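In case you want the letters, here they are:
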Amino acid sequence: MLTMVIDDSRAMRLILKRIVAQLGFDVVEAGDGRQAMDYLEANVLEGGGEIPGLALVDWNMPEMNGLEFVTAVRAEPRLRGMTLMMVTTESEQSQIVRALASGAHEYVIKPFTPDAIIDKLALLGLVSNGVAA
Amino acid sequence: MTNPTEDDLKVIADQVWSSYLDLDGASPLIPHPHDKPVADVTASVSVTGAWRGHVLVSCSEQAAKNVAAALLSIDFEEVVEEDVADALGELANIIGGNVKSLLPEPCALSLPHVHVDGSNGRYPSVTEVCHLDGTWLAESVTVTVLESTADLAGAPV
Amino acid sequence: MTLTAQEFAFISGLVRRDAAIVLEAGKEYLVEARLLPLARQSGLPTVSEFVNRAQQRPEPEMHAKIVDALTTNETSFFRDGEPFKQLVDTVLPDLLARRAATRTIKIWSAASSSGQEPYTLAMVLQDSLPAGWTFDILGTDISTEMLTRAEAGQYTQLEVNRGLPAPLLVKHFERNGAHWKVTPTLRANVSFRRLNLAAPFPPMGPFDIVFIRNVLIYFDVQTKRTVLQRVAGTLRPDGWLFLGSAETTIGIDDRYERVVAGRTSAYKLRASARAATPVSAVGKG
């Protein structure tokens, strides 16, 4: 299964990439929402390529932030198969509510341990017994 | 609201360290007052909105390289300046974001700024709210919260 | 490693006597790791010196802290996932039919540690039970320190990050400074009490569901048997028992039969083993 890792921090992309690659997912990186959207438009919507099953999305990014990306993806019926998990420092209750209301399926607050991500992926049915389901 | 305290910074730092920098619990950030905090590298984020100020993370060059090595999973010897900027910037982002959640809502966090030349940026009209001095792998690390004392037009608040 | 064989034997004896926990050879590393914070708090540099002092100056309070440190279980919300899914898919539909007259469900979470399991059960029931139904969760543990934490219902960001679906976090918790605290609504249905599983139980239950997960593994076979027997006395004849994912009653206690529930197992009393009348409840049980 293909996973998108969308964060403007190279360090954070590396950390997340390592976690999902170990589970057996293929990874595509993007440095902001705009880059991620461009990828989806070119490779999936127009190119007919594989729809990512999962996207790990930071909130605060230049160009197009995570909330805007989530909103855009959820507005596109052809991307309905994407599970959207925000991974962010925004930890106010109101922010989490906003993200879920905009269509994010899950939410992880930074700092997180790998188990935090893996447990949530298991609850979403994307991971079973420690590997991609 | 009550201002963030050194204890709050300790709670936040402990969580950051145990998640990314001290996974086995063997090398935590140990609170330790510094007579002269070392600030070879400083990363900061600014907070705007219902509260205005900055959150800074300063450390020695050695500590900065250790942060980069840990976050990027590379050897200490391989770390270059770009790695330090990115790693410290993300550290300030995560610590700053957690400090922001203790402040009145709504607030926004800026993208991080990193100085690797011993300067720590200029913050006119600020007052220190709290700071945490610590030692990690025998090197100095300091987290500081500064509140702006002037409004957007430069008049004292 | 500073612990001597004699010191390890002293500690093993202590926890065996007080909590029926079995620490076999090979668990020295566990004792070192778990007692190091206590040693530091007492101002001693090594676990060995700390244990030495505990031996020479027996203090019930320090002994209790030692037992606590060694019996604390790591826990998280929705741990292992599947049992809670089966609670919704298999157990509750069954009980909704059987308890239609009383419309109330009682659950016991044994070895509840810092409280994540009872609060998870409370969230599941609050969100799954139809209007007009009530429920009660009892959390018990041998450690007063853990019980105090569980009573407070307050968790760090790292703790709520693990296993807890975000929609449930915002529904059932409120931020409190850097921590997250269970809402009063959720808290109202959960109570806590100190209980040593290795000792005879006070009057309890009867429970419709018992969760006793990842604690039996610390006991020897005889104690496991005794505990499961006591648990049977608190369980309704048609009640459900859930163990840890690597645990089973098979080979230990014949009065239970395994029931496949989704990708996990649950246990029910065999018809032949059901008590004529359940143990009577005293107060909230």
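Remember, it's a predicted structure, so these values are computed and weren't measured experimentally.

*Asks:* I'd love a proper account of helix α4 (residues 93-101) of chain A, names of residues and values included.
*Replies:* Listed in full, the buried residues belonging to α4 of chain A are Gln-95, Ile-96, Ala-99 and Leu-100 of chain A. Along the long axis of α4 of chain A, the arc covered by the buried residues comes to 135°, so they all point the same way. Counted as exposed and oriented over 90 degrees from the buried face of α4 of chain A: Ser-94 and Ala-101 of chain A. Residues of α4 of chain A that are buried make contact with α3 (66-74), β4 (83-88) and β5 (106-109) of chain A together with α9 (166-172) of chain C. Residue Gly-103 of chain A follows α4 of chain A closely and has a positive phi angle near 115°.

*Asks:* Which residues make up the interface of chain B and chain A, and what values do they have?
*Replies:* Many authors give the size of an interface as the accessible area that is lost as the parts come together. Listed by partner, the interface residues are 19 residues for chain B and 18 residues for chain A. Secondary-structure elements contributing two or more residues to the side of chain B that touches chain A are α1 (6-21), α2 (61-72) and α3 (81-100) of chain B. Looking at the side of chain B that touches chain A element by element, the count peaks at 8 residues for α3 of chain B. Of the residues that constitute the side of chain B that touches chain A, the class distribution is 8 nonpolar, 8 polar and 3 charged.

*Asks:* A description of the nonpolar core should follow, citing residues and the corresponding values.
*Replies:* Ranked by size, the top nonpolar core spans 161 residues in total, and within it Val-57 of chain A, Leu-88 and Ile-95 of chain B together with Val-210 and Leu-241 of chain C carry the most contacts. It is α3 of chain B that contributes the most residues to this core, 9 residues altogether. Filtering out sequence-adjacent residues up to four positions away, Leu-88 of chain B remains in contact with Val-41, Ala-43, Val-57, Ala-64, Val-67 and Val-114 of chain B.

*Asks:* Provide a residue-level description of the pairing of strand β2 (residues 134-141) of chain C, including the pertinent values.
*Replies:* All names here are of chain C. Counted residue by residue, β2 has 6 buried out of 8 residues, so it is predominantly covered. Bridging between strand β1 (residues 104-110) and β2 involves 7 bridges; their strand directions are parallel. From the neighbouring strand, Thr-104 faces β2, where its bridge partner is Thr-134. Once the chain exits β1 it traverses helix α6 (residues 116-128) before rejoining the sheet at β2, and the crossover so formed is right-handed. Relative to strand β6 (residues 190-194), β2 runs parallel, the two sharing 5 bridges. Within β6, the residue paired with Asp-141 across the bridge is Arg-194.

*Asks:* Could you give an account of the confidence of the model for chain C, with specific residues and numbers?
*Replies:* Residues and elements named next belong to chain C. In the predicted model, chain C carries a mean pLDDT of 90, and the fraction of residues at 70 or more is 96%. Below a pLDDT of 50 lies the segment residues 276-285, which in the model reaches 20 contacts outside its immediate sequence neighbourhood of four places, other chains included. Overall fold confidence (pTM) sits at 0.88, and the ipTM for the predicted complex is 0.93.

*Asks:* Outline the packing of helix α1 (residues 5-19) of chain C against helix α3 (residues 47-56) of chain C, listing residues and values.
*Replies:* Residue and element names in this part refer to chain C. Their axes nearest at 10 Å, the elements α1 and α3 cross at an angle of 55°. Considering their axes alone, α1 and α3 lie oblique with respect to each other. Handedness of the crossing formed by α1 with α3: left-handed. Residues Glu-7, Phe-10 and Ile-11 of α1 pack against Ser-48, Val-51, Asn-52 and Gln-55 of α3.

The rules behind these values
- Residues numbered from 1 in each chain as written.
- Chains lettered and ligands numbered in written order.
- Predicted model: local features only at pLDDT ≥ 70, side-chain atom pairs only at ≥ 80, totals over all residues.
- Buried ≥ 20, exposed ≤ 12 C-beta atoms within 10 Å, placed from the backbone.
- Helix = DSSP H or I, 4+ residues; strand = E, 2+ residues; numbered from the N terminus.
- Arc of directions from axis to C-beta.
- Contact = placed C-beta atoms within 7 Å.
- Nonpolar A, V, L, I, M, F, W, Y, C, P; charged D, E, K, R; others polar.
- Core = buried A, V, L, I, M, F, W, Y, C linked by C-beta atoms within 7 Å.
- Pairing = 2+ DSSP bridges.
- Right-handed = clockwise from strand over helix to strand, strands pointing away.
- pLDDT = per-residue confidence, 0-100.
- Axes fitted to C-alpha atoms, helices over the stretch in contact; angles between N-to-C directions.
- Parallel < 35°, antiparallel > 145°, perpendicular 65-115°, else oblique.
- Left-handed = near helix turned anticlockwise from the far one by under 90°.

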